[in-house]
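# Remarks on the overall topology
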Amino acid sequence: MSNEPTTSRARSGPLDDEIDLHRLFALLIDAKWLILGTTLLALLLGGLYATFATPIYKADALLQVEKKQGGMAGLEELSQAMGQEQSVAAEIAILRSRMVLGNVVQQLHTDIVVRPDRDPWLGRFTAPDPVAPGVPRPLFAGYRDSETFVTVKQFIVPDNLRGRAFQLTVDDQGRPQLRLNGEKVLGGPADQVLRSEDESIVLELGEWQPGSDALTLTRLTPLQAVGAIRGGLTVEEQGRDTGILNVGMTGPDKERIQAVLDAIAENYLLQNINRQAAEAEQSLEFLNKQLPELKAELTEAEEKLNAYRLESDSVDMEMETQSLLGRVVSMESKLNELKIKESEVSAKFTKEHPAYRTLLEQRRSLEQERDQLNRQIGQLPETQQQILRLMRDVEVNQQIYVGLLNRAQELRIMKASTVGNVRIIDDAVVYPAPVKPQKGLVTALAGALGLILSAGYVLGAGLLHRGIESPDQLEEQGIPVYAAVPLSEQQQKLDRLVAALRRRKRSKHSKHEPIPLLAVSDPADLAIEALRSLRTSLHFAMMEAANKVMMITGPSPQVGKSFITANLAAVLAQVGQKVLVIDADMRKGHLHRYFENQNDVGLSDLLSGQAEVDQIIHETKVENLHFIPRGQIPPNPAELLMHARFKALMERLSAEYDLVLVDTPPILAVTDAAIIGQQAGTSLIVARYGMNSAKEVDVSVHRFEQNKVEIKGAILNAIERRASNEYGYYAYHYNSDKS
């Protein structure tokens, strides 16, 4: 601190924005109770959630996707023609598809939801007891507890009402009735199928034992029902390229998730078999259409051959002709087989596919050989040519017909023996312990979250608001610090006592409750000791002052200007100086409460010409200390201060008193302090520890300089005992022995 008068100051550059790790750690130490309390609260909330949250269980099953194999030995070539291998990723997508899960919904009726009509959180504490273990209860489309037992066999609603919650209640005769938005939809005996008037809503109940709670009945849309199952379904491949699928299902009901998972595995297996059999069925359908036509062509060819033989009396053929016939028949058979394969391949591939192009090349080669044989046949005698053609037609049609009959029989066998390439290795099994919530983990995460949030809040607040924590911060800005006043614990207690009295009275006069003067009530307090040190510094600060008027101001409200002014005046008066305190804050001044004054007549009354000087000066309980209150609140405080009466008052009081202390409004809020400073020989600015920033004080001093008012220095008020406080005023803990 500096005791030297200062006529000029060096204005420093921008404040240092570097992050001080030591300061951040000190901030955490200062807020240790806030951080600890927040962490403990988070731990408590996490523990309560983990205790009362609905437990979630998990069931899993194991499936294997094998490579495709033929349905029977000897049919491998036919099976390979039926299709290509599906990837595991494709099988996972099929398993999670609406095709599979939709069949599960229809099989188990999971789209019919029955639940109690009560609050999901609070209602669980007043709900009836659950049924005893071993007592049958509906897993789907029903509800049961110790009072209620209801099952639903059929519930049909229009598509526009799917997803809407109906109320299933009981009428006066104990019969069920269904309501929507409070209006009755249907009702009647529980053992009959109930229908609405337009028959668009149908309800058929199984068991009917209503309890004290009303029930809600909902028919989900297909997407909602499938989405509800899909939300708890997980499918993962174990390892890489193993074809082993680990299928999991989570939910609050053990038996329900096990049943759903078993149904998913069974429906997936069934669709896989159906998909394999469908390929054989498609080829079989094609062959069944071709067989009657080929049978008719064979019969017609045989009749033509027989008729020609009878007509020409030709029975035998030469050896050369028989050889040509065999070759032609073989060629035609191969061409017909290629046509059949081409029809099957064309359903799956385009003509640019290698398999399709190979078939076309084979077909062109056989057609060329057939044309060559036809040229050889053309060189035979007419009778031999005709008999060869007719016998060729018979042989070819017969071979094709027999071949298709064999192929059709193979497809029937393959369809009947299809087993699919998926098998269930492990059926669904539920883990005995819930997988969620994990109490220890949830509690630990909640505690960690509370710790992180509270520490983040403390660090963020410390980084965003860089309040003054050391006199060095002000002196680096060229502002001398004349005193560092510690926060008075005794004054805090007195302030809390006064506040409690004000709250208890709740009257319009509560703002006039007196505030104890610390210099009188506890003169040994550290804050008063600091003001005594300031008393010595002021002697040197005012040596070159133009008058004996000292202005006490501040950058913002709530910095403790009035506390400093009142107690400094008392300390000066206690050593025999004649001191006058003026409350120049005519807007919100409250110095009169320190001196138990009613504030009836004061400075504003004098400046407005309604009172004389002798009327506004009041004696106090402290010897040599006089006081001028602010008076009535005027509409124009700044204009009154600019009146000549104020200058004349300062000149007169400066001559009559050893020191005149003037408490002013904050400079950054109003201009009153700049006007008062024109008449003050010495001016000090009060900054509050941790509240005002060094930049804020620097701007305030600059504001005074613009108005030709010199600020001699600053008083750092309300310094707290913190780890981040680098100013060691606690070294002054030297009190007299009171024992």
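This text goes with the structure placed above it.
Below is a short write-up of the structure.

What counts and what doesn't
- Residues numbered from 1 in each chain as written.
- Predicted model: local features only at pLDDT ≥ 70, side-chain atom pairs only at ≥ 80, totals over all residues.
- Heavy atoms only, no water.
- Helix = DSSP H or I, 4+ residues; strand = E, 2+ residues; numbered from the N terminus.
- Buried < 20%, exposed > 50% of the residue type's maximum accessible area, 1.4 Å probe, protein only.
- Contact = heavy atoms within 4.5 Å.
- Areas by Shrake-Rupley, 256 points an atom, 1.4 Å probe, with all protein chains shown as cover.
- Pairing = 2+ DSSP bridges.
- Axes fitted to C-alpha atoms, helices over the stretch in contact; angles between N-to-C directions.
- Parallel < 35°, antiparallel > 145°, perpendicular 65-115°, else oblique.
- Left-handed = near helix turned anticlockwise from the far one by under 90°.
- Nonpolar A, V, L, I, M, F, W, Y, C, P; charged D, E, K, R; others polar.
- Salt bridge = Lys/Arg side-chain N within 4 Å of Asp/Glu carboxyl O.
- Phe/Tyr/Trp six-rings, centres within 6.5 Å; stacked < 30°, edge-to-face > 60°.
- Lys NZ or Arg CZ within 6 Å of the ring centre and 35° of its normal.
- Core = buried A, V, L, I, M, F, W, Y, C linked by side-chain atoms within 4.5 Å.
- Expected span 1.5 Å × (residues − 1).
- Arc of directions from axis to C-beta.

Moving on, we come to the overall build of the protein. The helix and strand tally for the protein stands at 23 helices and 21 strands. A burial count over the protein gives 45% of its 739 residues as buried. Considering only residue pairs separated by 6 or more positions, the protein has 79% of its internal contacts joining residues 24 or more positions apart. Accessible surface computed for the protein: about 39,700 Å², of which carbon and sulfur atoms make up 51%.

By the criterion of burial, strand β14 (residues 481–486) is predominantly enclosed, with six of the six residues buried. Examined bridge by bridge, β14 and strand β21 (residues 713–719) share four bridges and lie parallel to one another. Bridging across to β21, Pro486 finds its partner in Ile719.

With that settled, consider the packing of helix α2 (residues 32–52) against helix α12 (residues 439–464). Between α2 and α12, whose axes approach to 7 Å, the crossing angle comes to 150°. As judged from the angle between their axes, α2 and α12 are roughly antiparallel. The handedness of the crossing between α2 and α12 comes out as right-handed. Packed against α2, whose contacting residues are Leu34, Ile35, Thr38, Thr39, Ala42, Leu43, Gly46, Gly47, Tyr49, Ala50 and Thr51, the element α12 presents Lys439, Val442, Thr443, Ala446, Gly447, Gly450, Leu451, Ser454, Ala455, Tyr457 and Val458 at the interface. When its residues are assigned to classes, the contact of α2 with α12 shows 12 nonpolar, nine polar and one charged.

Attention now goes to the sheet that holds strand β9 (residues 202–209). Sheet strands associate in pairs through backbone hydrogen bonding, adopting either a parallel or an antiparallel arrangement. The four strands lie next to each other as β3-β4-β9-β8, forming an open sheet whose pairing is antiparallel. In this open sheet, the two edge strands, each paired with only one partner strand, are β3 (142–144) and β8 (194–195). As judged from the six bridges shared by strand β4 (residues 149–156) and β9, these two strands associate in the antiparallel manner. Residue pairing for β9: Gln154 is matched across the bridge by Glu204.

Before going further, it helps to examine the pairing of strand β7 (residues 183–187). Look at any regular strand and the pattern is simple: side chains alternate between the two faces of the sheet. Bridge analysis of strand β6 (residues 176–180) against β7 gives four bridges, and the strand direction is antiparallel. What sits directly across from Gln177, in β7, is Gly187. Following β6, the chain reverses through two residues before pairing antiparallel with β7; Asn181 in that reversal takes a positive phi of roughly 55°.

A word on the pattern of salt bridges. Counted under the stated rule, the structure contains 12 salt bridges. A salt bridge links Glu255 to Arg137, with the nearest nitrogen and oxygen atoms 4.0 Å apart. Here the residue Glu255 occupies a position in helix α8 (residues 254–312), and Arg137 occupies one in the loop between α6 (123–126) and β3, the gap between them amounting to 118 residues. Using a relative accessible area of 32% as the deciding quantity, one classes Arg137 as partly exposed. For Glu529, the salt bridge identified is with Arg532, shortest N-O distance 2.9 Å. One end of the pair, Glu529, and the other, Arg532, are both in helix α16 (residues 526–541), three residues apart, so they sit about a helical turn from each other. A relative accessible area of 39% places Glu529 in the partly exposed class.

The subject of this paragraph is the sheet that holds β21. Read across the sheet, eight strands follow the order β14-β21-β20-β15-β19-β16-β18-β17 without closing on themselves; strand pairing throughout is mixed. Edge positions in the sheet fall to β14 and β17 (618–619), since each has one partner strand and no second. Here α16 sits on the sheet and contacts β14, β15 (549–553), β20 (682–688) and β21; the angle it forms with β14, its principal contact strand, is near 170°. Together, β14, β15, β16 (579–583), β18 (625–628), β19 (659–663), β20 and β21 form the strand contacts of helix α17 (residues 561–574), whose direction differs from that of β19 by roughly 165°.

Relative orientation of the contacting elements α16 and α17 amounts to 70°, with a least axis distance of 9 Å. Viewed along their axes, α16 and α17 adopt a mutual orientation that is roughly perpendicular. Taken as a pair, α16 and α17 cross one another with a handedness that is right-handed. Seen from α16, the contacting residues are Ala527, Ile528, Leu531, Arg532, Leu534, Arg535 and Leu538; seen from α17, they are Phe563, Ile564, Asn567, Leu568, Val571, Leu572 and Gln574. Looking at side-chain class alone, the contact of α16 with α17 contains 10 nonpolar, two polar and two charged residues.

Now for unusual backbone geometry. In this chain, Lys436 is followed by Pro437 through a cis amide linkage whose omega measures -10°. When you line up the elements, Pro437 lands in the loop between β13 (422–430) and α12. Unlike most non-glycine residues, Glu596 shows phi in positive territory, near 55°. With respect to the secondary-structure elements, Glu596 resides in the loop between β16 and α18 (603–607).

So, about the packing of aromatic side chains. Summed over all chains, the structure comprises two aromatic pairs. Centre to centre, the rings of Phe155 and Phe166 are 5.7 Å apart; their planes meet at 90°, and the pair counts as edge-to-face. Placement of the pair is Phe155 in strand β4 and Phe166 in strand β5 (residues 165–170), with a sequence separation of 11 residues. For the pair Phe155 and Phe166, one class covers both residues: buried. Here the guanidinium or amino end of Arg144 rests over the ring plane of Phe149, the centre of that ring lying 3.9 Å away. One residue, Lys578, lies across the ring of Tyr657, its end atom 4.8 Å from the ring centre.

Moving on to the nonpolar core. In terms of nonpolar packing, the biggest core is built from 47 residues, with Ile582 and Leu653 touching the most fellow members. Those residues in contact with Ile582 that sit more than four places away from it in its chain are Leu591, Leu603, Ile628, Met650, Leu653, Val660, Leu661, Val662 and Asp663. If you look at the next biggest cluster of nonpolar residues, it comprises 40 residues, including Leu518, Ile528, Ala569 and Leu591.

The terminal C-alpha atoms of helix α21 (residues 644–656), which comprises 13 residues, lie 19 Å apart, in line with the 18 Å expected from a rise of 1.5 Å per residue. By the burial criterion, the buried members of α21 are Phe646, Leu649, Met650, Leu653 and Ser654. Down the axis of α21, the smallest arc covering the buried residues is 125°, so these residues share one side. With respect to the buried face of α21, the exposed residues turned more than 90 degrees away are Ala644, Glu651 and Ala655.

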